[in-house]
Amino acid sequence: MMRYYTLSVIEEAYRRQNPELTEAEIKEKAKKIHSQLNTLDISWRRSNKKFYRMNEFGHMTF
């Protein structure tokens with residue numbers, strides 16, 4: 001399961017790793033990453049649900 005990162009956590013990571021960036025740049029980059037992480041998380045969850053739904057009983061051998 002993916003850990004959910006808040007916007008403030010991502011912004012802080014940018015501040016630490018890139019102290020030369022302005023606050024506006026940090027906020028812009030953090031918003032982009034936050035959006036991408038959320039999209040990936042949603043996609044991952046849907047994929048897992050589909051996998052488990054399709055394989056719940058379909059491939060049982062006795």
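Residues numbered from 1 in each chain as written. Predicted model: local features only at pLDDT ≥ 70, side-chain atom pairs only at ≥ 80, totals over all residues. Heavy atoms only, no water.

Draft legend 1. Just the overall build of the chain, in detail. Scanning the chain from terminus to terminus reveals two helices and zero strands. In the chain, which comprises 62 residues, the proportion classed as buried is 11%. Carbon and sulfur atoms form 57% of the exposed surface of the chain, whose accessible area is close to 5,700 Å². (Helix = DSSP H or I, 4+ residues; strand = E, 2+ residues; numbered from the N terminus. Buried < 20%, exposed > 50% of the residue type's maximum accessible area, 1.4 Å probe, protein only. Areas by Shrake-Rupley, 256 points an atom, 1.4 Å probe, with all protein chains shown as cover.)

Draft legend 2. Region of interest: a positive patch on the surface. Taken together, the side chains of Arg 46, Lys 49, Lys 50 and Arg 53 present a region of like positive charge at the surface. Residue placement: Lys 49 occurs in helix H2 (residues 23–55). Accessibility expressed as a relative area gives 60% for Lys 49, which makes it exposed. (Patch = residues over 30% accessible without salt bridge, like charges linked within 9 Å, V, L, I, M, F, W, Y side chains within 5 Å. Salt bridge = Lys/Arg side-chain N within 4 Å of Asp/Glu carboxyl O. Lys, Arg positive; Asp, Glu negative; His and termini not counted. Charge placed at Lys NZ, Arg CZ, Asp CG, Glu CD.)

Draft legend 3. Focus on the pattern of salt bridges. The final tally for this structure, using the stated rule, is five salt bridges. Here Glu 11 makes a salt bridge to Lys 27, at a shortest N to O gap of 3.7 Å. Of this pair, Glu 11 sits in helix H1 (residues 7–17) while Lys 27 sits in helix H2, and the two are 16 residues apart along the sequence. What emerges from the salt-bridge pattern is a single network uniting Glu 11, Glu 12, Arg 15, Arg 16, Glu 23 and Lys 27.

Draft legend 4. Summary view of H2. Over its 33 residues, H2 runs 47 Å from end to end, which matches the ideal 48 Å to within 8%, given 1.5 Å per residue. Buried residues belonging to H2 abut H1. (Expected span 1.5 Å × (residues − 1). Contact = heavy atoms within 4.5 Å.)

Draft legend 5. Summary view of the side chain of Glu 11. Residue Glu 11 is classed as buried on the basis of its relative accessible area of 10%. Apart from the residues within four sequence positions on either side, Glu 11 is in contact with Ile 26, Lys 27 and Ala 30.

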